[in-house]
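# Overview (structure and organization)
These are the residues of each chain, in order.
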Amino acid sequence: MDYSIKFWNRIADSYAKKPISDEVSYQQKLTITQQYLHPEMNVLEFGCGTGSTAIVHAPYVKEYQAIDVSPKMIEIAQRKQTAATIDNLTFINAAIEELPVADESLDAVLGMSILHLLNDRDEAIGEVYRMLKPGGVFISSTACLADTMPYIRYIAPVGRFLRLIPKVGVFSRQELQAGLVKSGFRIEKILVAEKNKTVCFLVAIK
């Protein structure tokens, strides 16, 4: 098993109990996202963690699938779903490149706090583009560490070697946006919170 998966399995319980660091920004992102959601939509969220965001958004759409590479995270998400009694939501233990999704079959894809944790973010962006219908929306929130903590580029490999942190990609907002545009997306909205300028919330349209 990849060490990053072991890392997220190990911290899953504490992660689920951890309060949101910037509740105001989180609620703002939820509100913006729901402006793009409609009752007839089929939606995928990858890197869903313990499922809190999926549970909030699922009632606004027809079908909502949420995936994560960590089995422990998915177990917690499934327990939350049972408690919330949401029928149109499915949690699956999978990576985005493993999920059999037909071309142009989804109306929206969410990737919240995940692109900077992937081995190849541009490959994932390309997969999202393939899955989305023309006019479909990709909503993401990403730590662009090169903008505020460029030194992490040198520290992160050491932390991963010592098994203290998972894999972390270091890139800028400009690089992230360039990757989206190169894949064919049009960027419609950008939000960078005052409290944490590292995180970039984006709405991109196919």
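Calculation rules
- Residues numbered from 1 in each chain as written.
- Predicted model: local features only at pLDDT ≥ 70, side-chain atom pairs only at ≥ 80, totals over all residues.
- Heavy atoms only, no water.
- Axes fitted to C-alpha atoms, helices over the stretch in contact; angles between N-to-C directions.
- Helix = DSSP H or I, 4+ residues; strand = E, 2+ residues; numbered from the N terminus.
- Parallel < 35°, antiparallel > 145°, perpendicular 65-115°, else oblique.
- Left-handed = near helix turned anticlockwise from the far one by under 90°.
- Contact = heavy atoms within 4.5 Å.
- Nonpolar A, V, L, I, M, F, W, Y, C, P; charged D, E, K, R; others polar.
- Patch = residues over 30% accessible without salt bridge, like charges linked within 9 Å, V, L, I, M, F, W, Y side chains within 5 Å.
- Areas by Shrake-Rupley, 256 points an atom, 1.4 Å probe, with all protein chains shown as cover.
- Salt bridge = Lys/Arg side-chain N within 4 Å of Asp/Glu carboxyl O.
- Lys, Arg positive; Asp, Glu negative; His and termini not counted.
- Charge placed at Lys NZ, Arg CZ, Asp CG, Glu CD.
- Buried < 20%, exposed > 50% of the residue type's maximum accessible area, 1.4 Å probe, protein only.
- Arc of directions from axis to C-beta.
- Polar contact = N/O pair within 3.5 Å; in protein donor to acceptor, adjacent residues only side chain to side chain.
- Pairing = 2+ DSSP bridges.
- Right-handed = clockwise from strand over helix to strand, strands pointing away.
- Phe/Tyr/Trp six-rings, centres within 6.5 Å; stacked < 30°, edge-to-face > 60°.
- Lys NZ or Arg CZ within 6 Å of the ring centre and 35° of its normal.

## Observations concerning the packing of helix 5 (residues 121-131) against helix 8 (residues 173-183)
Following both chains from N to C, one finds helix 5 and helix 8 inclined at 40 degrees, their axes separated by 9 Å at the closest point. In terms of axis orientation, helix 5 runs oblique to helix 8. Crossing angle aside, the handedness with which helix 5 passes helix 8 is right-handed. Counted together, Arg121, Asp122, Ile125, Gly126 and Tyr129 of helix 5 and Glu175, Leu176, Gly179, Leu180 and Ser183 of helix 8 form the full contact between these two elements. Of the residues assigned to the contact of helix 5 with helix 8, the class counts are four nonpolar, three polar and three charged.

## Looking at a negative patch on the surface
On the surface, a cluster of negative charge is contributed by Glu97, Glu98, Asp120, Asp122 and Glu123. Of note, Asp120 is situated in the loop between strand 4 (106-112) and helix 5.

## Digging into helix 5
When we look at burial in helix 5, the residues that qualify are Arg121, Ala124, Ile125, Glu127, Val128 and Met131. Viewed end-on, helix 5 has its buried residues packed into an arc of 160 degrees, placing them on one side of the element. Buried residues in helix 5 make contact with strand 1 (42-46), strand 4, strand 5 (132-143) and helix 8. The backbone nitrogen of Asp122 has a side-chain oxygen 3.2 Å away, supplied by the residue at the start of helix 5, namely Asp120.

## Points about the pairing of strand 1
Of all the five residues making up strand 1, four are buried; the element is thus mostly covered by neighbouring parts of the structure. Bridging between strand 1 and strand 2 (residues 63-68) involves five bridges; their strand directions are parallel. For Leu44, the partnering residue across the bridge sits in strand 2 and is Gln65. For the crossover from strand 1 across helix 3 (residues 52-57) to strand 2, the handedness is right-handed. Alignment of strand 1 against strand 4, held across four bridges, turns out to be parallel. For Phe46, the partnering residue across the bridge sits in strand 4 and is Gly111.

## Quick notes on the pattern of salt bridges
Pairs can form between side chains of opposite charge whenever their charged atoms are close. Applying the stated criterion across every chain, the model contains seven salt bridges. Of the charged contacts in the structure, one is a salt bridge between Lys206 and Glu104, with a shortest N-O distance of 3.6 Å. Here the residue Lys206 occupies a position in the segment after strand 7 (199-205), and Glu104 occupies one in the loop between strand 3 (89-93) and strand 4, the gap between them amounting to 102 residues. Taking the relative accessible area as the measure of exposure, Lys206 reaches 18% and is therefore buried.

## Observations concerning the sheet that holds strand 6 (residues 186-192)
Spatial strand order, 3-2-1-4-5-7-6: seven strands in an open sheet with mixed pairing. Here the strands that pair on one side only, and so sit at the sheet edges, are strand 3 and strand 6. For this sheet the average axis-to-axis angle between neighbouring strands, irrespective of direction, equals 15 degrees. Helix 2 (residues 23-34) contacts strand 4, strand 5, strand 6 and strand 7 of the sheet and is inclined by roughly 0 degrees relative to strand 7. Lying over the sheet, helix 8 contacts strand 5, strand 6 and strand 7, oriented at roughly 160 degrees with respect to strand 6.

## Focus on the packing of aromatic side chains
A full pass over the atoms with the stated rule returns five aromatic pairs. Judged by centre distance (5.0 Å) and plane angle (85 degrees), the ring pair of Phe7 and Trp8 falls under edge-to-face. A relative accessible area of 9% places Phe7 in the buried class. Measuring from centroid to centroid gives 5.8 Å for Phe138 and Phe185, while their planes differ by 40 degrees, and the two rings are tilted. Here Phe138, found in strand 5, pairs with Phe185, found in the loop between helix 8 and strand 6; they are 47 residues apart in sequence, far enough to count as distant. Across this residue pair, the class does not change: Phe138 and Phe185 are buried. Aromatic rings pair up to connect Phe46, Tyr129, Phe138 and Phe185 into one cluster. For the cation-ring pair, Arg121 lies above Phe171, with the distance from its terminal atom to the ring centre recorded as 4.0 Å. Cation over ring: Lys206 sits above Tyr129, and NZ or CZ is 4.5 Å from the ring centre.

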